[in-house]
Number of protein chains: 4
Amino acid sequence: MYRPLLQRSSKHLNLSRRYSSNSSVFNWLDPLASNKLFTQEELAIQETANAYCQERMLPRVLDAYRYENYDRKILEEMGEVGLLGATIKGYGCAGVSSIASGLIAREVERVDSGYRSGMSVQSSLVMGGIDKFGTEEQKDRYLPGMAKGKILGAFGLTEPNHGSDPGSMETVAKPHPSKKDYFLISGSKTWITNSPIADVMLVWAKLQSTGKIRGFLIDRAACPPGTLETPDIKNKNGLRASTTGMIQLDECPVPKENMFPSIEGLKGPFTCLNSARYGIAWGTMGALEDCIDRARTYALERKQFKGNPLAKYQLVQKKLVDALTDAAYGILAATQVGRLMDEGRAPPEMISMIKRQNCDRALANARKLQEIFGGNSVSDEYGIGRHVANLFVTQTYEGQSDIHSLILGRAITGIQAFA
Amino acid sequence: MYRPLLQRSSKHLNLSRRYSSNSSVFNWLDPLASNKLFTQEELAIQETANAYCQERMLPRVLDAYRYENYDRKILEEMGEVGLLGATIKGYGCAGVSSIASGLIAREVERVDSGYRSGMSVQSSLVMGGIDKFGTEEQKDRYLPGMAKGKILGAFGLTEPNHGSDPGSMETVAKPHPSKKDYFLISGSKTWITNSPIADVMLVWAKLQSTGKIRGFLIDRAACPPGTLETPDIKNKNGLRASTTGMIQLDECPVPKENMFPSIEGLKGPFTCLNSARYGIAWGTMGALEDCIDRARTYALERKQFKGNPLAKYQLVQKKLVDALTDAAYGILAATQVGRLMDEGRAPPEMISMIKRQNCDRALANARKLQEIFGGNSVSDEYGIGRHVANLFVTQTYEGQSDIHSLILGRAITGIQAFA
Amino acid sequence: MYRPLLQRSSKHLNLSRRYSSNSSVFNWLDPLASNKLFTQEELAIQETANAYCQERMLPRVLDAYRYENYDRKILEEMGEVGLLGATIKGYGCAGVSSIASGLIAREVERVDSGYRSGMSVQSSLVMGGIDKFGTEEQKDRYLPGMAKGKILGAFGLTEPNHGSDPGSMETVAKPHPSKKDYFLISGSKTWITNSPIADVMLVWAKLQSTGKIRGFLIDRAACPPGTLETPDIKNKNGLRASTTGMIQLDECPVPKENMFPSIEGLKGPFTCLNSARYGIAWGTMGALEDCIDRARTYALERKQFKGNPLAKYQLVQKKLVDALTDAAYGILAATQVGRLMDEGRAPPEMISMIKRQNCDRALANARKLQEIFGGNSVSDEYGIGRHVANLFVTQTYEGQSDIHSLILGRAITGIQAFA
Amino acid sequence: MYRPLLQRSSKHLNLSRRYSSNSSVFNWLDPLASNKLFTQEELAIQETANAYCQERMLPRVLDAYRYENYDRKILEEMGEVGLLGATIKGYGCAGVSSIASGLIAREVERVDSGYRSGMSVQSSLVMGGIDKFGTEEQKDRYLPGMAKGKILGAFGLTEPNHGSDPGSMETVAKPHPSKKDYFLISGSKTWITNSPIADVMLVWAKLQSTGKIRGFLIDRAACPPGTLETPDIKNKNGLRASTTGMIQLDECPVPKENMFPSIEGLKGPFTCLNSARYGIAWGTMGALEDCIDRARTYALERKQFKGNPLAKYQLVQKKLVDALTDAAYGILAATQVGRLMDEGRAPPEMISMIKRQNCDRALANARKLQEIFGGNSVSDEYGIGRHVANLFVTQTYEGQSDIHSLILGRAITGIQAFA
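These numbers come from a predicted model, not from an experiment. (Residues numbered from 1 in each chain as written. Chains lettered and ligands numbered in written order. Predicted model: local features only at pLDDT ≥ 70, side-chain atom pairs only at ≥ 80, totals over all residues. Heavy atoms only, no water.)

Asker: I tried to follow the relation of the copies chain A and chain D on my own but got confused; where do I start?
Answerer: Mapping between the two chain copies consists of a rotation about an axis together with a translation along that axis. Rotating chain A by 180° about the axis while translating it 0.0 Å along that axis superimposes it on chain D, leaving an RMSD of 0.0 Å. A rotation of that kind, with that shift, is consistent with a two-fold axis. Interface overlap between copies: 100% of the residues of chain A at the interface are likewise at the interface in chain D, consistent with a symmetric, same-surface contact. (Least-squares fit on C-alpha atoms with pLDDT ≥ 70 in both. Contact = heavy atoms within 4.5 Å.)

This is the structure:
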């Protein structure tokens with residue numbers, strides 16, 4: 001069983017043998033012994049997250065994905081375990097290291113990228129945004145409830161016509177014609193994880209008076225009828241275990257006190273995204289590790305041609321080896337960036353690099369591993385097809401792979417090539 | 001509107017401009033002018049198939065895929081148009097060339113691989129098997145009704161424990177203890193397209209007396225209760241617009257007259273598979289062409305960064321060009337093999353080559369094209385995700401890609417490397 | 001032994017068994033039976049070329065490549081066999097089909113891409129240019145001697161600062177200040193195959209008066225000392241069996257009668273390049289086929305681990321199969337374009353497509369095949385390293401692969417993305 | 001200027017700005033700030049090695065590679081700087097960490113893989129073997145002179161018929177018929193780096209009496225005429241700046257005291273190889289970094305199409321980004337394994353993983369970067385072609401990539417698939 005992170009104590013460490021790397025014998029579960037880079041506390045946090053995810057989330061995911069049925073209790077449970085906003089100091093948050101938060105993302109996405117997405121939105125995009133840019137009053141109002149999973153958040157940046165290019169957003173906040181210190185916000189946001197169930201929405205809009213992008217915390221409960229709609233987007237090809245929707249604002253009145261006080265322009269949302277992207281780099285490695293585990297098991301159990309297990313075939317072994325190598329490398333890279341983040345030395349390009357590479361490699365390898373299942377991979381019970389579909393989405397969101405290529409290309413050459 | 005193939009006449013040719021290649025101007029819809037290799041009749045058949053597929057099938061596919069809802073009327077309609085068993089001479093079949101049957105598969109799979117799969121099973125696996133190996137009585141009994149889509153067929157070869165290695169099958173036919181000239185067949189077949197709706201099942205089983213594989217035509221209507229079950233397999237990751245199930249036989253009595261008279265061993269099912277694989281090589285090119293078409297349209301319409309269409313980006317253009325090239329090459333290869341088939345000069349390794357390569361390239365390119373849609377690709381309304389999921393299945397069935405590698409490797413080196 | 005093409009007669013056909021595809025048995029030497037698409041005459045020409053290349057060129061290539069030692073007699077011998085300017089009608093040329101000329105390129109490059117390059121320059125770039133754009137007098141003066149290999153040609157387009165973008169060339173032709181109907185040409189051309197040994201150079205320069213690009217035939221013998229230098233470029237990484245140099249013109253006087261009469265702008269050189277690119281698409285397939293042959297032989301002969309030949313390893317078989325498939329597909333595509341060329345229906349984009357794809361696939365597969373040789377591949381005696389190095393150059397010249405991507409991307413989307 | 005490692009002092013640190021990562025600004029020269037993982041001493045050693053390599057080796061490499069002309073003074077100079085056997089404690093060796101030795105390999109291979117190969121043989125294979133398995137007398141006799149580069153070593157394991165499978169070696173040591181405590185060794189070793197110039201050869205042979213593999217130190221000076229030949233292997237496709245040859249032993253008398261005292265079987269040579277492979281994993285990253293540097297510079301300087309630098313093209317930027325990412329990841333992985341080695345916790349499979357992956361990625365990316373040079377890449381002056389050719393060899397030696405796949409596949413699945 002798992003114990004809430006806030007009650008953690010190094011006395012209670014009971015690390016599973018699964019993750020130990022104490023000998024000099026090769027351990028395919030940790031091929032480059034990255035566990036040696038984590039503190040005992042970080043490993044304990046990972047173990048707590050792993051126990052919760054395997055015991056409580058895993059049994060629900062097949063149905064959740066099949067029927068696009070997100071259980072909002074999952075965020076509440078995560079809150080109880082202490083997984084939400086885990087790097088934030090105070091406000092009822094666990095205050096753990098960036099590595100520990102990465103290990104949490106890895107464990108959650110080992111189950112499903114959709115569950116990790118729901119958590120990332122809550123933790124990195126909304127709570128992180130409030131923690132970094134909010135007023136003290138905003139923090140006090142939202143963070144404790146969000147940490148517990150009692151208040152759910154959504155992050156409204158992407159618009160129907162502006163995905164990779166949010167600077168061109170059309171959502172606008174203009175002064176309320178009658179109510180002092182109020183804005184009326186109008187516009188449409190799409191592909192918003194958690195929007196249908198969110199209690200508070202961090203919406204980015206251009207202030208009409210300045211043309212500058214500002215962040216607004218919109219409480220669903222405070223919106224007059226007809227000013228806020230958050231319709232579901234159903235029938236998704238991936239991330240079906242998360243809930244996704246739109247945020248449609250039609251002259252929605254929002255008090256000035258709900259605006260972030262000073263952050264202006266793209267720096268605000270990009271800072272939030274940066275933190276979420278870091279979590280994706282970790283999470284996708286967890287999904288890939290699960291694919292390896294499932295494919296390895298299948299290859300050992302499935303026998304063809306004179307009773308040989310598939311694992312005896314060179315073409316099968318190569319797929320496993322390629323995947324394991326990329327997972328091991330990806331974990332090391334994410335670990336390095338995590339340490340640098342805590343020292344304030346991780347520029348956004350580093351995060352572009354690991355987000356892009358880990359998503360790309362997780363996807364490419366998961367697809368090769370799926371081949372091992374042959375015709376059986378079409379059954380959703382093997383789980384590998386779900387990971388493949390999810391990982392494709394991770395490659396496209398929060399900076400599609402090619403966009404991160406151009407961000408990095410600009411950093412290398414000094415020349416931008418976006419258009 | 002389309003006209004049934006049996007009433008076709010070259011007088012009525014009304015080829016759409018879409019497929020013409022009469023000038024020396026580059027036409028991205030037919031980049032290497034493969035249409036010049038087809039006869040007027042073949043082009044007319046393609047046009048008929050295209051019209052039916054686009055007008056009648058396309059509007060149904062989104063729902064069919066979403067809800068795994070196969071409409072058996074589709075096979076009936078195909079029968080009306082003359083698309084079923086199209087290469088068979090007589091018995092109410094159209095008697096067209098192998099190229100024409102390939103063009104039909106291309107048009108059907110341009111809509112959906114699942115629809116093409118349902119047709120392939122009917123046409124290549126069952127009707128083709130009966131035509132090649134059946135008695136005259138068997139042909140008379142089944143082919144005309146199957147050609148019309150009134151009798152639906154399924155093909156039972158793969159078993160739960162024997163996918164790539166059907167020679168190890170466990171389904172057995174033993175003499176009926178009491179009924180003369182009857183067998184009792186027991187065993188289990190899985191991943192059987194059309195099995196839940198099939199009227200007749202071509203089941204391969206080992207004759208207990210000889211240990212040799214033989215083919216049996218099992219009429220659902222003649223099976224006593226409890227001897228035949230064909231449960232659906234739901235919640236598939238791909239090919240959701242086709243229906244798939246098992247065939248479970250428990251001492252099912254089958255008269256000797258329903259056994260193929262002389263074909264023995266794997267040659268029977270492999271001959272049927274060969275014909276189906278040929279169709280897959282064509283069909284997957286149709287699916288890829290549809291992906292190109294959809295991605296190109298999206299790239300021209302979607303604007304980012306100062307209003308530039310995505311089509312202006314080098315990284316996007318390269319994806320389109322790679323895909324178009326592989327589609328053009330794949331069509332030429334399938335055309336060549338089709339002509340050779342009609343001359344009796346297409347050994348199975350040729351078909352392994354084009355099945356493997358066209359499935360692999362269709363899948364790889366469809367995945368790259370899907371990236372062009374960015375986050376929007378997660379919506380099933382763009383269709384590209386459906387093709388990607390389907391094409392993965394085509395790569396794994398009727399000879400997984402690696403298995404065909406080893407078949408071809410053996411042909412090149414003279415050495416088998418299966419285990 | 002081989003017989004000159006001009007004396008060819010279908011009575012003398014003696015096709016080697018190597019290339020026959022008369023049965024329905026799979027023949028790895030012609031996996032998709034492309035030979036059935038060639039006429040008896042075309043096959044006879046291929047056989048003649050094959051015999052010459054294998055008997056006379058192959059024994060010389062190892063030394064030629066090692067020491068960058070091009071034997072100009074090779075072009076003379078090619079002339080005797082009838083391989084030069086083979087598609088040209090009259091002027092002592094063989095007047096064969098585009099397919100036949102492609103088969104010649106395939107046989108020459110089966111030995112070495114450098115030898116094929118030397119031939120392409122002579123045949124496609126210079127003789128082809130004269131035949132298409134020259135005056136009758138120019139044709140009479142050059143073509144018969146060039147067909148015999150007595151007069152060697154070079155093609156001067158690329159400049160040190162203008163590779164992919166020849167429209168920006170700096171070489172200029174201005175009126176001679178004193179000699180009537182003479183130009184003075186100045187400028188520098190680089191990476192010019194055959195330039196150090198060429199007797200006549202087809203140089204593209206901008207006419208000072210119009211700024212338009214025009215073609216000039218420059219006779220080395222007629223150039224006053226100091227006005228023409230053609231220094232060797234040595235120490236190349238590839239194509240070492242061909243000779244490459246610069247063309248440096250310093251106020252070189254050229255009579256107006258040596259200018260092509262009417263062709264203006266990039267259309268002239270691009271038409272020549274088009275024809276050469278078509279030959280490259282064929283030639284690289286010959287090189288790839290030779291790599292397959294060498295790798296297969298090595299894999300069958302080399303034994304490791306309990307005496308098993310390498311050919312028994314799945315990872316080795318897959319490399320052979322991938323390569324063989326791409327070679328077979330590439331031959332079919334080149335054949336299709338060749339037939340269309342003879343009908344005047346092959347737009348340049350088609351040639352971009354097969355040039356790009358066949359170079360790319362030949363290179364990628366040759367590299368994978370080279371891995372089969374393990375450490376031994378470092379020895380130049382196995383020949384595979386030479387092909388790999390050569391094929392990389394073919395990918396970069398006459399339109400680098402990415403440039404052809406953008407040419408095709410423009411054709412598909414209508415949008416140019418060069419910069 | 002550089003200072004010998006033995007005289008190093010942390011007081012004298014003068015780290016170049018090139019490698020500093022002190023700020024939170026992205027530095028393409030160290031994209032994931034791996035330098036923060038190294039100690040000041042390790043960075044100082046790297047800087048010393050860098051200075052020597054750039055100042056003294058780089059100016060010689062073009063000619064050395066062109067003419068296959070290895071200057072044995074280079075090893076002597078390396079000895080003076082302290083680069084040889086650098087991890088060995090005592091015997092005049094520098095006694096540095098495994099990380100520091102990796103950084104040395106990275107700096108040497110930044111210039112040329114051949115130079116690093118020569119150093120690896122001396123340091124890892126021969127000195128490392130003596131240090132780990134030799135008698136105290138053997139260590140005293142060889143190590144100090146080898147550390148200075150006065151005694152050169154070669155490592156004789158691979159035989160003409162036994163590359164990936166050294167356990168089948170045929171070289172044999174039988175008792176001398178007349179001389180007490182002497183063996184007569186006969187056999188042939190090939191692809192032996194440094195053999196033509198080596199003073200001492202560590203040769204692995206089977207002891208006739210036991211059939212077990214043992215290691216022998218053979219002094220060239222002590223071999224009677226006709227018993228030892230070390231012919232050059234010339235005309236290599238890569239690693240031309242190193243010298244390679246055979247070791248041919250014909251009843252060569254070797255005293256028993258020159259045999260390693262207790263190590264038996266493949267464990268001996270595999271331990272040496274393990275250490276060398278670790279160095280390759282570092283070295284290839286240096287070569288890749290040099291390719292990136294050269295390609296980036298070229299892309300910024302080379303202008304095409306309206307004066308845009310190549311660096312502005314998306315297709316060019318992507319090649320740079322992919323390469324930079326793999327280099328950064330590879331450095332982190334090598335660093336992790338280096339630290340574990342010093343703790344005695346790096347099993348051979350870890351080294352298989354980083355040797356395989358870093359060689360594969362270095363090669364694949366170097367090839368893509370070479371495309372940026374277009375036609376100019378054929379000139380050896382740009383250096384990129386040399387790296388590409390070298391890196392291919394590193395992929396094939398000391399365990400070809402596929403062999404390491406199978407080693408790792410066995411570790412993951414517990415099943416060996418070598419044959």
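Asker: Whenever I open this one, the interface of chain A and chain B confuses me. Can you help?
Answerer: Many descriptions give the size of an interface as the accessible area lost when the pieces come together. The interface of chain A with chain B comprises 44 residues on the first partner and 44 residues on the second. Here chain A packs against chain B, burying approximately 3900 Å² in sum over the two surfaces, 52% of which is carbon and sulfur. B:D402 serves as the salt-bridge partner of A:K319, at 2.8 Å between the closest nitrogen and oxygen. Inspection of the region where chain A meets chain B yields 24 residue pairs in polar contact (both at pLDDT 80 or more). For the side of chain A that touches chain B, the secondary-structure elements that each account for two or more residues are β10 (303-304), α7 (314-342), α8 (348-372), α9 (384-396) and α10 (401-413) of chain A. No other element matches α9(A), which puts five residues into the side of chain A that touches chain B. Looking at the side of chain A that touches chain B, its residues break down into 13 nonpolar, 20 polar and 11 charged. (Buried area = accessible area lost by both parts, 1.4 Å probe. Salt bridge = Lys/Arg side-chain N within 4 Å of Asp/Glu carboxyl O. Polar contact = N/O pair within 3.5 Å; in protein donor to acceptor, adjacent residues only side chain to side chain. Helix = DSSP H or I, 4+ residues; strand = E, 2+ residues; numbered from the N terminus. Nonpolar A, V, L, I, M, F, W, Y, C, P; charged D, E, K, R; others polar.)

Asker: Just to check I follow, could you spell out the interface of chain A and chain D for this structure?
Answerer: Facing 59 residues of chain A, the contacting portion of chain D comprises 59 residues. Roughly 5000 Å² of surface becomes buried between chain A and chain D when both sides are summed, with 65% attributable to carbon and sulfur atoms. Sorting the residues of chain A by area buried against chain D places A:F26, A:Y329 and A:I412 first, and these three jointly supply 15% of that buried surface. Here chain A is connected to chain D by four salt bridges. Residue A:D322 is joined to D:R356 by a salt bridge in which the shortest nitrogen-to-oxygen separation is 2.3 Å. The tally of links between chain A and chain D comes to 22 residue pairs in polar contact (both at pLDDT 80 or more). With 17 residues, the top contributor of residues to the side of chain A that touches chain D is α7(A). A breakdown of the residues in the side of chain A that touches chain D according to their chemical character gives 31 nonpolar, 16 polar and 12 charged.

Asker: Help me understand the domain arrangement of chain A, please; the structure alone is not making it clear to me.
Answerer: All names here are of chain A. Here chain A is partitioned into domain 1 (5-147), domain 2 (153-258) and domain 3 (267-413). Here the C-alpha centre of domain 3 lies 31 Å away from the C-alpha centre of domain 2. Tallying the contact residues gives nine residues for domain 2 and 10 residues for domain 3. Our count for the contact surface shared by domain 2 and domain 3 stands at zero salt bridges. At the boundary of domain 2 with domain 3, the tally comes to one residue pair in polar contact (both at pLDDT 80 or more). Looking at side-chain class alone, the side of domain 2 that touches domain 3 contains five nonpolar, three polar and one charged residues. (Domains from an automatic or database assignment.)

Asker: Explain the pairing of strand β2 (residues 172-175) of chain B to me, please; I cannot follow it from the model alone.
Answerer: Within a regular strand, side chains alternate between the sheet's two faces. All names here are of chain B. In this structure, β2 lies alongside strand β3 (residues 182-193), joined through four bridges in antiparallel fashion. From the neighbouring strand, K174 faces β3, where its bridge partner is L184. Where β2 and strand β4 (residues 200-207) come together, two bridges link them in parallel fashion. The residue of β4 that forms the bridge with V172 is K206. (Pairing = 2+ DSSP bridges.)

Asker: Please explain the relation of the copies chain A and chain B as it appears in this structure.
Answerer: Each copy of the sequence occupies a distinct position, and chain A is placed on chain B by a rotation of 180° and an axial shift of 0.0 Å, giving an RMSD of 0.0 Å. Of the interface residues in chain A, 100% have counterparts in chain B that sit at the interface too, so the contact is made through matching surfaces.

Asker: How should helix α2 (residues 73-81) of chain D be read in this particular structure?
Answerer: Along an α-helix, residues three or four apart share an orientation, since each turn contains 3.6 residues. Among all positions of α2(D), only D:I74, D:L75, D:E77, D:M78, D:G79 and D:V81 are buried. Taken together, the buried residues of α2(D) touch α1 (40-66), α3 (98-111), α4 (113-133) and α5 (136-147) of chain D. (Buried < 20%, exposed > 50% of the residue type's maximum accessible area, 1.4 Å probe, protein only.)

Asker: Honestly, helix α3 (residues 98-111) of chain C in this entry has me stumped. Any pointers?
Answerer: Helix length check: α3(C), at 14 residues, gives a terminal C-alpha distance of 20 Å against a target of 20 Å (1.5 Å per residue), a fit within 8%. Most of α3(C) sits inside the fold, with 13 of its 14 residues counted as buried. (Expected span 1.5 Å × (residues − 1).)

Asker: Help me out: how do you make sense of the packing of aromatic side chains in this one?
Answerer: Geometrically, a pair of aromatic rings is defined through the distance of the ring centres and the angle of the planes. Applying the stated criterion across every chain yields a total of 36 aromatic pairs over all chains. With centroids separated by 6.3 Å and ring planes inclined at 50°, the aromatic side chains of D:Y70 and D:Y115 adopt a geometry described as tilted. Taken together, the positions of D:Y70 in the loop between α1 and α2 and D:Y115 in helix α4 put the pair 45 residues apart, joining distant regions of the chain. Comparing D:Y70 with D:Y115 shows no difference in burial state: the two are buried. One aromatic cluster is present, built from ring pairs that chain together A:F133, A:F155, A:W204 and A:F260. Positioned above the aromatic ring of B:Y65 is the side chain of B:R240, whose terminal nitrogen or guanidinium carbon lies 5.8 Å from the ring centre. (Phe/Tyr/Trp six-rings, centres within 6.5 Å; stacked < 30°, edge-to-face > 60°. Lys NZ or Arg CZ within 6 Å of the ring centre and 35° of its normal.)

Asker: Explanation requested: the packing of helix α7 (residues 314-342) of chain D against helix α8 (residues 348-372) of chain D in the structure shown.
Answerer: Geometrically, a packed helix pair is captured by the angle between its two axes and the distance between the axes. Residue and element names in this part refer to chain D. Look at α7 against α8: their axes get within 9 Å of each other, and the N-to-C directions meet at 160°. The orientation of α7 with respect to α8, classified from their angle, is roughly antiparallel. The two elements α7 and α8 meet at a crossing, and its hand is left-handed. Side by side, α7 and α8 meet where V316, K319, L320, D322, A323, D326, G330, A333, A334, V337, L340 and M341 of the first sit next to M350, I351, I354, N358, R361, N365, K368, L369, E371 and I372 of the second. Residues belonging to the contact of α7 with α8 are distributed by class as follows: 13 nonpolar, three polar and six charged. (Axes fitted to C-alpha atoms, helices over the stretch in contact; angles between N-to-C directions. Parallel < 35°, antiparallel > 145°, perpendicular 65-115°, else oblique. Left-handed = near helix turned anticlockwise from the far one by under 90°.)

Asker: How do you make sense of the confidence of the model for chain A when you look at a structure like this?
Answerer: In low-pLDDT segments, the atomic positions of the prediction should not be examined closely. Residue and element names in this part refer to chain A. Across chain A, the average pLDDT comes to 94, with 95% of residues at or above 70. Predicted confidence is poor over residues 10-21, with pLDDT under 50, and the contacts of this stretch with residues over four places away or in other chains come to 25 contacts. For this predicted complex, the interface confidence score (ipTM) comes to 0.95, while the overall pTM stands at 0.95. (pLDDT = per-residue confidence, 0-100.)

Asker: I keep staring at the pattern of salt bridges and nothing clicks. Help me out?
Answerer: Inspection of the entire model under this criterion finds 120 salt bridges over all chains. With a shortest N-O distance of 2.6 Å, B:R386 and B:D112 are connected by a salt bridge. With a gap of 274 residues between them, B:R386 in helix α9 (residues 384-396) and B:D112 in the loop between α3 (98-111) and α4 (113-133) connect regions that are remote in the sequence. Accessibility assignment for this pair places B:R386 and B:D112 in one class, buried. Via salt bridges that share partners, A:R56, A:R60, A:D71 and A:E77 belong to a single interconnected network.

Asker: Is there a simple way to explain the environment of D:Y278 in this structure?
Answerer: Residue and element names in this part refer to chain D. Summarising the element assignment, Y278 is placed in helix α6 (residues 267-301). Accessibility expressed as a relative area gives 3% for Y278, which makes it buried. Expressed as a C-alpha distance, the spacing of Y278 and G102, which sit 176 residues apart in the sequence, is 7.6 Å. Polar side-chain contacts of Y278 include one of 2.8 Å to the backbone oxygen of S98.

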